[in-house]
Amino acid sequence: MGPALILHVGNSRTKWGLHGPRGWLAQGVVPNAEIGTLSLRDWQNLPRPFRAIGVNVAGEAARVRVESQVARWRVAVEWLVAQEAGAGIVSRYRPAAQLGADRWALLVAARRRAVGSELFPAPCVVVNAGTVVTVDALDAHGVLRGGLILPGPRLMLQAMAERTAALRVVPGRVLDFPTSTADALASGAVQAVCGAIEQMRAQLRREDMVVKCYLTGGAAHDVAPHLTGPLEVVDNLVLEGVLALATDRDEK
């Protein structure tokens, strides 16, 4: 049996990985505007996958463009949707499929990491910090209690620049005590995301129980330094989750 092509079509970027019996053979990322280059540029010399499975939150047009690139191998893409339960997760989101397949995959990957590293898995907050930020609360029993959706730092800054002429300034730095408009904007955007994450942690925390944060996404490395621990940044956490869901599907 050959390798599997794992896909994550996000709001701004598409991540992919080719996974074989011994692990990841190749991984990559392209802006969604460049999906049409995947077949000839990124995948030209890859071995043929026996299957392709993925999640898509970028809409119908992006889905069709990805499928046209995968067609070089004559393989149909299996697109996942969130479920009420599966792969060790129970969702309280209603309707379940509205959660977003990428968030479902993130939760599955985070839960597997938590179970693999601890005898008694603690609750955790699972964050995808991209164009849009999602902050989901997973309790110690693997139940998705609920989650938040908010603009990512870059989207916040773009919205303020578009709506307020006085705030169209050069990019600033993230500081504890900003003393310029540029720095105040940059710091405010990042701290708004951090505040949402820490608030969700506080909702999950009970007595002395530690609430870990799993963080991924294009803005993850901008946000991570300003969060409290324990914290784990995983660049391809969605791909991990899609792979886990594919394996779980095969075992049923």
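The preceding data block contains the structure.
Thresholds, definitions, all that
- Within each chain, residue numbers correspond to sequence positions counted from 1 in written order.
- Owing to the predicted nature of the model, reporting of local features is limited to residues with pLDDT of at least 70; listing and counting of side-chain atom pairs is limited to 80 or more, with chain, interface and lining totals taken over all residues.
- By convention in this description, side-chain values take in all heavy atoms of the structure and omit both hydrogens and water.
- By definition, any uninterrupted DSSP run of H or I lasting at least four residues is a helix, any uninterrupted run of E lasting at least two residues is a strand, and each is numbered from the N terminus.
- C-alpha atoms define the radius of gyration in this analysis, and the globule rule sets the expected value at 2.2 Å times the number of residues to the power 0.38.
- A contact between two residues is defined here by any heavy atoms of the two lying within 4.5 Å.
- Here the open area of atoms and residues is found with the Shrake-Rupley method and a 1.4 Å probe, where only the protein chains shown may cover a residue.
- His residues and chain termini do not enter the charge count, which takes Lys and Arg as positive and Asp and Glu as negative.
- Every charge is mapped to an atom, namely NZ of Lys, CZ of Arg, CG of Asp or CD of Glu.
- Pairing between strands requires that DSSP locate at least two bridges from one strand to the other.

Caption draft 1: Spatial organisation of the overall build of the protein. Each helix and strand counted, the protein has seven helices and twelve strands in total. Scaling as 2.2 N^0.38, a compact globule of 252 residues should have a C-alpha radius of gyration of about 18 Å, and the protein matches this with 19 Å. By its C-alpha atoms, the protein is 60 × 45 × 35 Å across when sized along the principal axes. Taking contacts inside the protein between residues at least 6 apart in sequence as the whole, the part at least 24 apart equals 57%. Surface accessibility of the protein: about 12600 Å² in total, with carbon and sulfur atoms responsible for 54%. Taking the average place of the 27 positive charges on the side chains of the protein and the average place of its 23 negative ones, the gap between the two points comes to 4 Å.

Caption draft 2: Spatial organisation of the sheet that holds strand β8 (residues 124–129). Spatially, the seven strands line up as an open sheet ordered β6-β7-β10-β9-β8-β11-β12, and their pairing is mixed. Where the open sheet ends on each side, the last strands, each with one partner, are β6 (85–86) and β12 (231–233). Relative to β12, strand β11 (residues 212–216) runs parallel, the two being bridged by three bridges. Considered in β12, the bridge of L215 is made with V233.

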